[in-house]
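Structure at a glance
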Amino acid sequence: MLSTIIYYVIAGVAFNFLWDLVISKFQAEDNRFTMLERLVVVVIWPVAVLFFFYTLIKNLFFNNDQE
């Protein structure tokens, strides 16, 4: 049971780390998480991952503003 919780928290921290890498890569500092948001994401990271992929797919395939 405790190992499952540890893996869950590690996955949340890994998501935060990947998010910071993406933000740094695209220099979009206004999208960086605050410390409170990071703590919330560690707890509810599956929702954050779903939201991330939803937004990514939406912008890659359905965003016609740039054409």
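See the structure printed just above.
In this text the structure is predicted, and so the values were computed from the model without any measurement.

Our next topic: the pattern of salt bridges. Evaluated as defined, the whole model comprises three salt bridges. Put simply, D20 and R38 hold a salt bridge, and the shortest N to O gap is 3.1 Å. Linking D20 in helix α1 (residues 2–26) with R38 in helix α2 (residues 35–43), this pair joins segments that are 18 residues apart in sequence. Judged by its relative accessible area of 16%, D20 is buried. Among the residues examined, R38 registers a relative accessible area of 21% and is labelled partly exposed.

For any pair of aromatic rings, the description consists of the separation of the ring centres together with the inter-plane angle of the planes. In this structure the tally under the stated criterion is five aromatic pairs. When the centroid spacing of 5.5 Å and the interplanar angle of 50° are considered together, the rings of Y8 and W45 count as tilted. Note that Y8 is positioned in helix α1 and W45 in helix α3 (residues 45–62), a separation of 37 residues in sequence. Summarising the aromatic geometry, the rings of F52 and F53 are spaced 5.3 Å apart at their centres and angled 70° between planes, so their arrangement reads as edge-to-face. A relative accessible area of 23% means that F52 is categorised as partly exposed. The rings of F15, W19, F33, F52 and F53 are connected pair by pair, giving a single aromatic cluster.

As a further point, take unusual backbone geometry. You will see that Q27, though not glycine, has its phi angle at about 50°, which is positive. Mapped onto the fold, Q27 is located in the loop between α1 and α2. Its relative accessible area of 68% is what places Q27 among the exposed residues.

Turning our attention to the nonpolar core. In this structure, F15, W19, I23, F33, V41, A48 and V49 together form the largest nonpolar core, which totals seven residues. Put simply, the parts of the chain that give this core at least two residues each are α1 and α3. Sequence-distant contacts of W19, that is, excluding residues within four places in its chain, are made with N31, R32, F33 and F52.

Rules of the game
- Residues numbered from 1 in each chain as written.
- Predicted model: local features only at pLDDT ≥ 70, side-chain atom pairs only at ≥ 80, totals over all residues.
- Heavy atoms only, no water.
- Salt bridge = Lys/Arg side-chain N within 4 Å of Asp/Glu carboxyl O.
- Helix = DSSP H or I, 4+ residues; strand = E, 2+ residues; numbered from the N terminus.
- Buried < 20%, exposed > 50% of the residue type's maximum accessible area, 1.4 Å probe, protein only.
- Phe/Tyr/Trp six-rings, centres within 6.5 Å; stacked < 30°, edge-to-face > 60°.
- Core = buried A, V, L, I, M, F, W, Y, C linked by side-chain atoms within 4.5 Å.
- Contact = heavy atoms within 4.5 Å.

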